[in-house]
Amino acid sequence: MEKPEAMAPKTQKVATIKDVAAKAQAGKTSISRYLNGEFHLLSDNLRQRIESAIRELNYRPNQMARSLKHGRTGLIGLIIADIGNPFSVEVLKGVEAESIKQGFMTVVCNADNSIERECQFIQLLKGYRVDGLIINSAGVNEQFIEVLKETTLPFVLLDRKIDNFPSDMVGLDNPASAQMAFNHLIEQGFEAICFVTEPIVYNSARQERLQTFQALSQSHQHIQSEFHQVTLPDPAKLEAIVADFCTAHRGMRKVIVAANGVLTLQLAYVMNKQGLRWGTDIGFLSFDNLEWAALAGQGVTSVSQPTAEMGHKAVECLLEKLENPDKPPMQYLFNGELLIRKSTTL
């Protein structure tokens with residue numbers, strides 16, 4: 001006996017606004033008013049009928065169609081330089097939280113430290129009709145600036161500056177934060193400083209931190225300073241930097257400064273591998289306050305950035321730009337906070 005063919009499950013019909021109108025015995029205009037929150041234009045009885053119809057039909061409005069009709073998609077494009085960077089992750093959380101609060105959703109793109117990919121994302125997001133962009137750029141070169149000039153989308157730069165290019169920008173006051181960190185090291189009696197950063201080309205935040213430490217070191221001639229730029233990953237280069245620094249300044253109060261969170265983790269690994277204990281054998285200071293910084297060893301002194309606040313402000317700034325396109329570009333700089341731990345109080 002042949003088995004009966006399995007019956008295909010019935011596809012549930014998606015309710016439309018017309019179905020809701022019929023169920024509620026109302027016109028489509030009344031349904032649209034309800035969906036737009038214009039309850040004052042509806043009687044209590046009509047509003048209750050519409051609510052009941054929407055619930056019974058499990059109606060879900062087509063948000064994209066509604067947004068396009070009103071000239072907005074409710075989408076914000078967020079381009080992140082490196083999703084593996086702790087700073088980027090924390091900023092992303094701040095942007096998403098504020099976007100949701102303001103009724104927007106974020107489309108997140110990871111540039112993976114590629115300026116070329118970043119430029120492609122800007123063009124791609126324009127095609128997706130996002131309302132605006134928040135860009136934590138992998139780097140600012142001529143190609144990136146040309147793409148920004150050509151885009152018609154409003155945008156806000158996050159943690160990046162472009163000289164002689166008017167644009168809204170939200171970030172850390174890097175010179176002030178670097179000076180705060182340097183002054184702390186001087187107060188703690190350090191005699192030798194090793195400042196390590198990823199390449200500063202095209203990256204204004206790294207440039208400002210490095211240049212501030214260089215200038216302050218020159219004004220304190222009794223301080224012996226080294227400055228290194230390292231393209232990651234390069235554990236052998238970091239191991240050589242740490243070993244040579246310790247050898248060259250044996251017997252001195254010495255400290256290593258990591259210019260960002262990614263370097264902090266790698267330098268911590270190198271020092272541990274070489275048997276160095278920060279807070280005992282050597283000092284250690286980090287830009288970015290990583291989650292483990294207060295727990296590892298005796299804690300790593302860190303320049304904490306208000307990443308969540310920066311993300312919130314970037315969204316606010318972009319929405320202000322959407323409401324007032326002629327608003328002059330502004331820079332919003334946040335103060336860093338120095339969290340002093342055992343790693344710099346030898």
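Everything numeric in this text was worked out from a predicted model, so none of it was measured.

1. What to know about the confidence of the model for the chain
Caution applies to low-pLDDT parts of the model: their predicted coordinates are not meant to be read in detail.
Then, number 1: The predicted model of the chain averages 90 in pLDDT, with 93% of residues at 70 or higher.
Then, number 2: Counted against residues more than four places away or in other chains, residues 1-10, with its pLDDT under 50, gives zero contacts.

2. What to know about helix 11 (residues 261-273)
Then, number 1: Its 13 residues place the ends of helix 11 19 Å apart at the C-alpha level, agreeing with the 18 Å of an ideal helix rising 1.5 Å per residue.
Then, number 2: Of all the positions in helix 11, only Gly 261, Val 262, Leu 263, Thr 264, Leu 267, Ala 268, Val 270 and Met 271 are classed as buried.
Then, number 3: Against helix 5 (86-101), strand 6 (192-197), helix 10 (235-248), strand 8 (254-258) and strand 9 (283-287) lie the buried residues of helix 11.
Then, number 4: For helix 11, the capping residue at the N-terminal end is Asn 260, with a side-chain oxygen 3.3 Å from the backbone nitrogen of Val 262.
Then, number 5: Just downstream of helix 11 lies Gly 275, where phi reads positive at about 75 degrees.

3. A short note on the sheet that holds strand 6
Then, number 1: Read from one edge of the open sheet, six strands run 7-6-8-9-10-12, paired in mixed fashion. Edge positions in the sheet fall to strand 7 (224-229) and strand 12 (337-339), since each of these pairs with one other strand and no more. Strand-to-strand twist of the sheet, defined as the mean angle between neighbouring strand axes without regard to direction, takes the value 15 degrees.
Then, number 2: One ladder, built from three bridges, connects strand 9 with strand 10 (residues 301-304); its direction is parallel. Paired with Leu 285 across the two strands is Thr 301, which belongs to strand 10.
Then, number 3: Running over the sheet, helix 8 (residues 174-187) touches strand 6, strand 8, strand 9, strand 10 and strand 12 and is turned about 170 degrees from strand 9.
Then, number 4: Packing of helix 11 onto the sheet brings it into contact with strand 6, strand 8 and strand 9, and relative to strand 9 it is tilted by some 160 degrees.

4. Description of the sheet that holds strand 4 (residues 155-158)
Then, number 1: With respect to topology, six strands assemble into an open sheet ordered 2-1-3-4-5-11, the strand pairing being parallel. The two strands at the open ends of the sheet, each matched to only one other strand, are strand 2 (105-110) and strand 11 (331-334). Ignoring which end each strand starts from, the neighbouring axes of this sheet average 15 degrees apart.
Then, number 2: Bridge analysis of strand 5 (residues 168-172) against strand 11 gives four bridges, and the strand direction is parallel. Each bridged residue has a counterpart across the sheet, and for Val 170 the counterpart in strand 11 is Tyr 332.
Then, number 3: Docked against the sheet, helix 12 (residues 307-323) engages strand 1 (75-80), strand 3 (132-136), strand 4, strand 5 and strand 11, running at close to 170 degrees with respect to strand 5.

5. Structural notes on the environment of Gln 298
Then, number 1: Of note, Gln 298 is situated in the loop between strand 9 and strand 10.
Then, number 2: A residue is classified by how much of its surface remains accessible, and Gln 298, at 48% relative accessible area, is partly exposed.
Then, number 3: Between the C-alpha atoms of Gln 298 and Arg 341, which are 43 residues apart in sequence, the distance is 7.2 Å.
Then, number 4: If near-sequence neighbours (up to four positions away) are discounted, Gln 298 is found in contact with Trp 278, Thr 280, Arg 341 and Lys 342.

6. Observations concerning the pattern of salt bridges
Then, number 1: A full pass over the atoms with the stated rule returns 15 salt bridges.
Then, number 2: Notably, a salt bridge pairs Arg 47 with Glu 51, separated by 3.1 Å at the nearest N-O pair. Of the two residues, Arg 47 and Glu 51 are both situated in helix 3 (residues 44-57); the distance of four residues between them amounts to about one turn of the helix.
Then, number 3: On the basis of relative accessible area, Arg 47 is assigned to the partly exposed category, the value being 23%.

7. A short note on the pairing of strand 5
Then, number 1: With respect to burial, strand 5 is a largely interior element, five of its five residues being buried.
Then, number 2: The pairing of strand 4 with strand 5 spans three bridges and is parallel. Across the sheet, Leu 158 pairs through a bridge with Val 170, a residue of strand 5.

8. Some thoughts on the packing of aromatic side chains
Then, number 1: By the definition in use, this model includes six aromatic pairs.
Then, number 2: Seen from their ring centres, Phe 182 and Phe 213 are 5.5 Å apart, and the 80 degrees between their planes marks the pair as edge-to-face. With Phe 182 in helix 8 and Phe 213 in helix 9 (residues 204-219), this pair connects stretches of sequence that are 31 residues apart. Grouping residues by exposure puts Phe 182 and Phe 213 together as buried.
Then, number 3: Taking the ring centre of Phe 190 as reference, the NZ or CZ of Arg 253 above it sits at 5.0 Å.
Then, number 4: The aromatic ring of Tyr 332 is capped on one face by Lys 313, whose charged end is 4.4 Å from the ring centroid.

9. Here's the deal with the packing of helix 5 against helix 12
Then, number 1: In contact at an axis separation of 7 Å, helix 5 and helix 12 are set at 45 degrees when each is read in the N-to-C sense. The angle between the axes of helix 5 and helix 12 places the two elements in the oblique class. Like other packed secondary-structure pairs, helix 5 and helix 12 cross with a definite hand, here right-handed. For the pair formed by helix 5 and helix 12, the contact residues are Phe 87, Glu 90, Val 91, Gly 94, Val 95, Ala 97, Glu 98 and Ser 99 on the first element and Thr 307, Ala 308, Met 310, Gly 311, His 312, Val 315 and Glu 316 on the second.
Then, number 2: Of the residues in the contact of helix 5 with helix 12, the class split is seven nonpolar, five polar and three charged.

10. Quick word on the side chain of Ser 99
Then, number 1: By secondary structure assignment, the location of Ser 99 is in helix 5.
Then, number 2: If we ignore the near neighbours within four places in the chain, the residues touching Ser 99 are Ile 76, Phe 104, Thr 106 and Val 315.

Calculation criteria
- Residues numbered from 1 in each chain as written.
- Predicted model: local features only at pLDDT ≥ 70, side-chain atom pairs only at ≥ 80, totals over all residues.
- Heavy atoms only, no water.
- pLDDT = per-residue confidence, 0-100.
- Contact = heavy atoms within 4.5 Å.
- Helix = DSSP H or I, 4+ residues; strand = E, 2+ residues; numbered from the N terminus.
- Expected span 1.5 Å × (residues − 1).
- Buried < 20%, exposed > 50% of the residue type's maximum accessible area, 1.4 Å probe, protein only.
- Polar contact = N/O pair within 3.5 Å; in protein donor to acceptor, adjacent residues only side chain to side chain.
- Pairing = 2+ DSSP bridges.
- Axes fitted to C-alpha atoms, helices over the stretch in contact; angles between N-to-C directions.
- Salt bridge = Lys/Arg side-chain N within 4 Å of Asp/Glu carboxyl O.
- Phe/Tyr/Trp six-rings, centres within 6.5 Å; stacked < 30°, edge-to-face > 60°.
- Lys NZ or Arg CZ within 6 Å of the ring centre and 35° of its normal.
- Parallel < 35°, antiparallel > 145°, perpendicular 65-115°, else oblique.
- Left-handed = near helix turned anticlockwise from the far one by under 90°.
- Nonpolar A, V, L, I, M, F, W, Y, C, P; charged D, E, K, R; others polar.

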